[in-house]
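# Geometric and topological summary
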Amino acid sequence: MNEAVSRRTRETLGQVIRKPPLTDALLNKPPFRYLHDLISEVIRVTGFLKGLYTDFELKSDNVKDKDSKINFLQKAIDAVVMVTGEPLSVKPARVVAGHEPEKTNEFLQAIGKCCLNKLSSDAAVKRVLAGEKADAKGKPPPSKPRDKESREPKAEEQKSHRDKESRRDTEVKDRSPSRDRKPKGDSKDSREREKERDKQKNNEERHKEHERDTSKEGEKQERERSKTRATKQGREAEKTKGKGDTERGDDLGHEKGQERERRHEGGREKDRLKGRDRDKARDREGEKDGEKDRERGGDRDRQRDREKKDGELLREHGKERAEKKNESPAKILRQPSAKGSRHRSKPGGEGNHGEDIVISIKYAAGLL
């Protein structure tokens, strides 16, 4: 910021208050707390802007948030503009953000000029508290002599307006008797003209009625045509629907026949598969039966072989016994009668002994 700006602030506001100090460091970038202290000191020393703030607002500790700071500065700016009538381009939001130091110094210089010129701020304070805001252009309210000057042209305008109205009234009065003094011939002509006008009106009305009738008839014809077209279209649509239904029915019948054939062929294939399975099962059963018969035949052959062996053994045993008998006939005859009676009492003894031998031979051969 230029040093000349801070010097002007000291020359104006520095003559009003002594604290806080108006140094270049503070004026180059004035914080809100510094501006709050300056305005509070001006109110305390000079009474300028007195009543604009409450006791709560005059304590800087109570004004901390951004909105309250902006509101505090906006009140002072509006009041100063209303008192001086000169515009101020300073913006409270920019000042709170630490910008526009030159415009902030202009605002402080305006406060100093108001205090040096001993201008009253009572009316401005009332207007600000009532919610009124200062004009950005800073137009001052019109003074008393200006009010008189403005009233005089208004009175002259009213007089001229009245004169114009009186002139019009006189002209209307002058015209009215002239109308009354018209000759009789003019009245007849006017009547005839009126009759002709009535005839023309009647003719025009009849022509309009005829046009309306014709338009109505045309509308009726168009409606009938549209109805006939709609009926024709409906019939054609029904015909096309009927054809489509028949074609669809034929297609459905054909499809059903194909499905039946497919089902029939599928049944045939199933029957063929079932027959094949049955034949396979029969072949398997036949093979099983053949194997069983083979096993049975093998068992029979084995039994036959065993029987042959048993017969051979029996024959050999019989031969041995016969040989034994031929060898000892005399011994048998020498035996006493009692012993012979005993042998005779056991006719089945020899048979039982042979069976025992056969059983022992089968057990030894593993047949039992």
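Refer to the structure above for everything that follows.
Note that the coordinates shown come from a computational prediction; the quantities given were computed from them, not determined experimentally.

## Re a negative patch on the surface
On the surface, a cluster of negative charge is contributed by Asp 277, Asp 279, Asp 283, Glu 287, Glu 291 and Glu 295. Turning to its location among the elements, Asp 277 is positioned in helix 9 (residues 184–327). Owing to a relative accessible area of 47%, Asp 277 belongs among the partly exposed residues under this scheme.

## Points about the packing of aromatic side chains
Enumeration according to the criterion identifies two aromatic pairs in this entry. Centroid distance Tyr 53 to Phe 72: 4.1 Å. Interplanar angle 20 degrees. Geometry classified as stacked. One end of the pair, Tyr 53, is in the loop between helix 3 (32–46) and helix 4 (66–84); the other, Phe 72, is in helix 4, and 19 residues separate them in sequence. The two residues Tyr 53 and Phe 72 agree in class, both being buried.

## Re helix 7 (residues 122–129)
Within helix 7 the residues assigned to the buried category are Ala 124, Val 125 and Val 128. Each buried residue of helix 7 lies within a common arc of 100 degrees when the element is viewed along its axis, so the set occupies one face. Across from the buried face of helix 7, at angles greater than 90 degrees, the exposed residues are Ala 123 and Lys 126. One or two residues past the end of helix 7 sits Gly 131, with phi positive at roughly 100 degrees.

## Some details on the state of the cysteines
Inspection of the entire model under this criterion finds zero disulfides. Of all cysteine sulfurs, the one in Cys 115 lies closest to Cys 114, which takes part in no disulfide; the gap is 6.8 Å. Using a relative accessible area of 14% as the deciding quantity, one classes Cys 115 as buried.

## Here we look at the environment of Ile 111
Tracing the sequence through the fold places Ile 111 in helix 6 (residues 101–116). Sequence spacing of Ile 111 and Leu 13 is 98 residues, and the spatial spacing of their C-alpha atoms is 7.1 Å. Filtering out sequence-adjacent residues up to four positions away, Ile 111 remains in contact with Leu 13, Val 42, Phe 48 and Val 80.

## Remarks on the nonpolar core
Counting 38 residues, the largest nonpolar core has Ile 39, Phe 48, Leu 88, Phe 107 and Ile 111 as its most contacted members. The greatest single-element share of this core, amounting to nine residues, is contributed by helix 4. With residues up to four places along the chain from it excluded, the contact list for Ile 39 reads Tyr 53, Phe 72, Leu 73, Ala 76 and Phe 107.

## Things to note about helix 1 (residues 3–12)
When helix 1 is considered as a whole, its buried residues turn out to be Ala 4, Val 5, Ser 6, Thr 9 and Thr 12. Structurally, helix 1 contributes buried residues whose contacts are with helix 2 (24–28) and helix 6.

## Some details on the side chain of Thr 9
Assignment of secondary structure puts Thr 9 in helix 1. Here Asn 105 takes part through its side chain, which lies 2.9 Å from a polar atom of the side chain of Thr 9. In contact with Thr 9, not counting residues within four places along its chain, are Gly 14, Leu 22, Leu 27, Asn 105, Leu 108 and Gln 109.

## Remarks on the packing of helix 4 against helix 7
Think of two packed helices as two axes; the pair is described by the angle between the axes and how far apart they sit. Running from N to C, helix 4 and helix 7 point in directions that differ by 135 degrees, and their axes come no closer than 9 Å. Taken together, helix 4 and helix 7 sit at an angle that is classed as oblique. Helix 4 and helix 7 meet at a crossing whose hand is right-handed. Residues Lys 75, Asp 78, Ala 79, Met 82 and Val 83 of helix 4 form the contact with helix 7, whose own contacting residues are Ala 124, Arg 127 and Val 128.

## Let's talk about the packing of helix 4 against helix 6
Contact geometry for helix 4 and helix 6: axes closest at 10 Å, N-to-C directions at 50 degrees. The pairing of helix 4 with helix 6 is recorded here as oblique in orientation. Note on packing geometry: the crossing formed by helix 4 with helix 6 is left-handed. Residues Ala 76, Ile 77, Val 80, Val 83 and Thr 84 of helix 4 lie in contact with helix 6, whose contacting residues are Phe 107, Ala 110, Ile 111 and Cys 114. Among the residues making up the contact of helix 4 with helix 6, the classes are represented as eight nonpolar, one polar and no charged.

Conventions we followed
- Residues numbered from 1 in each chain as written.
- Predicted model: local features only at pLDDT ≥ 70, side-chain atom pairs only at ≥ 80, totals over all residues.
- Heavy atoms only, no water.
- Patch = residues over 30% accessible without salt bridge, like charges linked within 9 Å, V, L, I, M, F, W, Y side chains within 5 Å.
- Areas by Shrake-Rupley, 256 points an atom, 1.4 Å probe, with all protein chains shown as cover.
- Salt bridge = Lys/Arg side-chain N within 4 Å of Asp/Glu carboxyl O.
- Lys, Arg positive; Asp, Glu negative; His and termini not counted.
- Charge placed at Lys NZ, Arg CZ, Asp CG, Glu CD.
- Helix = DSSP H or I, 4+ residues; strand = E, 2+ residues; numbered from the N terminus.
- Buried < 20%, exposed > 50% of the residue type's maximum accessible area, 1.4 Å probe, protein only.
- Phe/Tyr/Trp six-rings, centres within 6.5 Å; stacked < 30°, edge-to-face > 60°.
- Arc of directions from axis to C-beta.
- Disulfide = S-S within 2.5 Å.
- Contact = heavy atoms within 4.5 Å.
- Core = buried A, V, L, I, M, F, W, Y, C linked by side-chain atoms within 4.5 Å.
- Polar contact = N/O pair within 3.5 Å; in protein donor to acceptor, adjacent residues only side chain to side chain.
- Axes fitted to C-alpha atoms, helices over the stretch in contact; angles between N-to-C directions.
- Parallel < 35°, antiparallel > 145°, perpendicular 65-115°, else oblique.
- Left-handed = near helix turned anticlockwise from the far one by under 90°.
- Nonpolar A, V, L, I, M, F, W, Y, C, P; charged D, E, K, R; others polar.

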